[in-house]
Amino acid sequence: MNYALVTPCYIAVAALLSIGLYGVVSKRNLMKIFISLSIMETGVNLLLITIGYVPEGTAPIENANFTKYVDPLPQALVLTAIVIGLSVTALAIAMLISYYEKKGSLEYKGGMKW
Amino acid sequence: MVVHPVLLIAIPLIAAFIIPLAKKYGSAIAAGAMAFNMGYAIGMFSYIYSNGKIYEMIAGFKPPVGIFLAVDALSAMLALLINLFAFINFIAIGKEWNYKFSMLYLLAIAGSTGIVLTGDIFNMFVFFEITAVASYALIAGKKDEKAIEGAIKYMVLGSIASIFILMGIALIYSQLKTLNIYDIATRISSMDEKIKWASFALLLTGIGVEAEIFPLNGWVPAAYQGASSGVASLLSFGPSKAAIYAIARIMMVIFPFHATYEIALYVGVVTLVIGELAAFMQEDVKRMLAYSSIGQMGLILIAFSLASQNIQNALIAAFFLIISHASAKSSLFLLSRSPSMGGAACKYTGIVGVLSIIGMPPLAGFWGKWYLMLAAINEKLWLVIMLVFFAGIVEAGYFARYLHKSMGNESKLNLRYKVAMVVMVSFTILLGLLPIAYKMASLPLWGW
């Protein structure tokens, strides 16, 4: 397997996931938290794409000239995941607007109270 | 094949997309779709009860390539439970809601049914997301400060959960190149040991957020407190039950190892004890019921985790605990809409619901705990038995206080609420009499 291309991708996945998780855990601003969640989602999508990668593979289109192509299934999964992520983000922003209208700020004050 | 389980998912989805086009008839369309689903789920359950498992290929592609639905007796029972209670609950709340709520309600029901029926792990993820997104919006629908705060909390944790589930799926796919649950199960031993456990941990953590398992349930009290009582009722019989069943399915089919059952047992015991103790300290009724739900989810997880040795007792226990909790807690949430519970219907609901959750014979909750004990005694788990008894005593304590405080003034609930509550809570009595009836007819309870 040709690791020259795959290794940087895995490093990027780890970086995106840890940046996102750091943001979710450390920030108090709700908008920043949702931005961090989007970053994490991008990390997972990149992981899926990297898993499906075949060295020197082309796009998975049926054609006599292409014999070696990348795994099409992860691409379909990522497409679904992107749509889901988009809808969650849209709903989150709608909710943040009404949160801002109620509280006058996007800072989250309360903790996870028991 | 005569029965098509896919209709249980397709009909509410189609109805949900039709509703915005016919706004005026929103709740009528939703009620129609749910009535169909309820009837179909009853038919499917009786078909499976006599004929055994069914598999349905979607679009004619054979597994492992195509997506398919795998329905066994337990999942048919859960689909029936979710759709039946969805319809009854909708009787109570449907009329005061506008078309948007009916739409979201249908989406949440379609998603929970899908989680229960699917045999494809990515499909399960998609249904989790449908359910979760619909629930966020439903919780926020009350539009006051608490509702939005609860919804945002749930949303942050739910989004992290979905990322974890997707990552677990990606790890499994990277090794086995398949998403079919049964295909994964047959080839799980060829997976790299570390990646196998990493994917199990990711899936358990991700689904555990939806299934209200400690320490992933920080959203539960805020969301239940903020949501209107109809939505809280939906959350307690729909998504959470589907999620706990998804954990059980993943544990029993994909990872049937000694260590996974042990992890689930510990997590379940900790969830039970902490949930019940936290419930004891609450002042607000909805918060108390929410923490009590957490404890009950722990109890259900314990029941599933005992399935490695005595599958029969453990699954019967899980069956009764799920029924008892779904019917009793949903009706108690409907009851919590009004602070007082005077009047015959409200008193009946409150007392029967509370007794079933505590585990008084002959209600369904008693049989759940009874079979759980039988399974635990078989495995000589004395500490677990002690803790379950302890949790029961704590439950009795706070529920007695709850009953004492809320008896009194006439309740202001309208008739639809009362009918829905009474019908829901009566299922615990009906199913509690089932084992006795079976015993008298000397039939085996384990009919499938």
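Residues numbered from 1 in each chain as written. Chains lettered and ligands numbered in written order. Predicted model: local features only at pLDDT ≥ 70, side-chain atom pairs only at ≥ 80, totals over all residues.

Caption draft 1: Quick peek at the nonpolar core. In this structure, A151 and A303 of chain B are the most contacted members of the largest nonpolar core, which totals 205 residues. Element by element, the count of residues in this core is highest for helix 6 (residues 145-176) of chain B, at 20 residues. (Core = buried A, V, L, I, M, F, W, Y, C linked by C-beta atoms within 7 Å. Buried ≥ 20, exposed ≤ 12 C-beta atoms within 10 Å, placed from the backbone. Helix = DSSP H or I, 4+ residues; strand = E, 2+ residues; numbered from the N terminus.)

Caption draft 2: Up close: the packing of helix 14 (residues 311-335) of chain B against helix 16 (residues 364-378) of chain B. Residue and element names in this part refer to chain B. Viewed as axis vectors pointing N to C, helix 14 and helix 16 meet at an angle of 155 degrees, and their least axial separation amounts to 7 Å. For the element pair helix 14 / helix 16, the angle class is roughly antiparallel. The element helix 14 and its partner helix 16 pack so that their crossing is left-handed. Facing N313, A314, I316, A317, F320, L321, I323, S324 and A328 of helix 14, the residues of helix 16 in contact are A364, G365, W367, G368, Y371, L372, L374 and A375. Within the contact of helix 14 with helix 16, the residues separate by chemical class into 13 nonpolar, 4 polar and no charged. (Axes fitted to C-alpha atoms, helices over the stretch in contact; angles between N-to-C directions. Parallel < 35°, antiparallel > 145°, perpendicular 65-115°, else oblique. Left-handed = near helix turned anticlockwise from the far one by under 90°. Contact = placed C-beta atoms within 7 Å. Nonpolar A, V, L, I, M, F, W, Y, C, P; charged D, E, K, R; others polar.)

Caption draft 3: Representation of helix 1 (residues 6-18) of chain B. All names here are of chain B. For helix 1, with 13 residues, the first-to-last C-alpha span of 18 Å sits near the 18 Å given by 1.5 Å per residue. When we look at burial in helix 1, the residues that qualify are L8, I9, P12, A15 and A16. Within helix 1, the buried residues cover an arc of 140 degrees as seen down the axis, which keeps them to one side. Elements that come into contact with the buried residues of helix 1 comprise helix 2 (26-51), helix 3 (73-93) and helix 4 (99-117). (Expected span 1.5 Å × (residues − 1). Arc of directions from axis to C-beta.)

Caption draft 4: Focus on the interface of chain B and chain A. At the interface, 24 residues of chain B touch 25 residues of chain A. For the side of chain B that touches chain A, the secondary-structure elements that each account for two or more residues are helix 5 (121-140) and helix 6 of chain B. A total of 14 residues in the side of chain B that touches chain A trace back to one element, the largest contributor, which is helix 6 of chain B. Along the lines of polarity and charge, the residues of the side of chain B that touches chain A split into 18 nonpolar, 3 polar and 3 charged.

Caption draft 5: Main features of unusual backbone geometry. Residues and elements named next belong to chain B. With omega at -5 degrees, the peptide bond leading from F214 into P215 counts as cis. Considering the arrangement of structural elements, one finds P215 in the loop between helix 8 (193-210) and helix 9 (219-226). In the Ramachandran plot, K380 falls in the positive-phi region, its phi being about 60 degrees despite a non-glycine side chain. Looking at where K380 falls in the secondary structure, it is placed in the loop between helix 16 and helix 17 (382-406). Under the C-beta neighbour-count criterion, K380 is labelled exposed, with 8 such atoms within 10 Å.

Caption draft 6: How the structure looks around the environment of F101 of chain B. Residue and element names in this part refer to chain B. For F101, the location among the structural elements is in helix 4. Under the C-beta neighbour-count criterion, F101 is labelled buried, with 22 such atoms within 10 Å. With 36 residues separating them in the primary sequence, F101 and A137 have C-alpha atoms 8.8 Å apart. When residues no more than four places from it in sequence are discounted, the contact partners of F101 are L138 and G141.

Caption draft 7: Here's a closer look at the packing of helix 14 of chain B against helix 15 (residues 344-358) of chain B. Residue and element names in this part refer to chain B. Interhelical geometry of helix 14 versus helix 15 gives an angle of 145 degrees and a closest axis separation of 9 Å. Every pair of crossing elements has a handedness; the one defined by helix 14 and helix 15 is left-handed. Judged by residue contacts, S324, H325, A328, S331, L332 and L335 of helix 14 engage C346, T349, G350, G353, S356 and I357 from helix 15. Among the residues making up the contact of helix 14 with helix 15, the classes are represented as 5 nonpolar, 7 polar and no charged.

Caption draft 8: Representation of the confidence of the model for chain A within the structure. Averaged over every residue, the pLDDT of chain A is 83; the share at 70 or more is 92%. By mean pLDDT, the top-scoring element of chain A is helix 2 (residues 30-51) of chain A (91), and the lowest-scoring one is helix 1 (residues 3-26) of chain A (87). (pLDDT = per-residue confidence, 0-100.)

Caption draft 9: Local environment of the pairing of strand 2 (residues 68-71) of chain B. All names here are of chain B. Burial along strand 2 is two-sided: F68 and A70 facing one way and L69 and V71 facing the other are all buried. Inspection of the sheet shows strand 1 (residues 54-57) paired to strand 2 by 4 bridges, in the antiparallel sense. Paired with I54 across the strands is V71, a residue of strand 2. (Pairing = 2+ DSSP bridges.)

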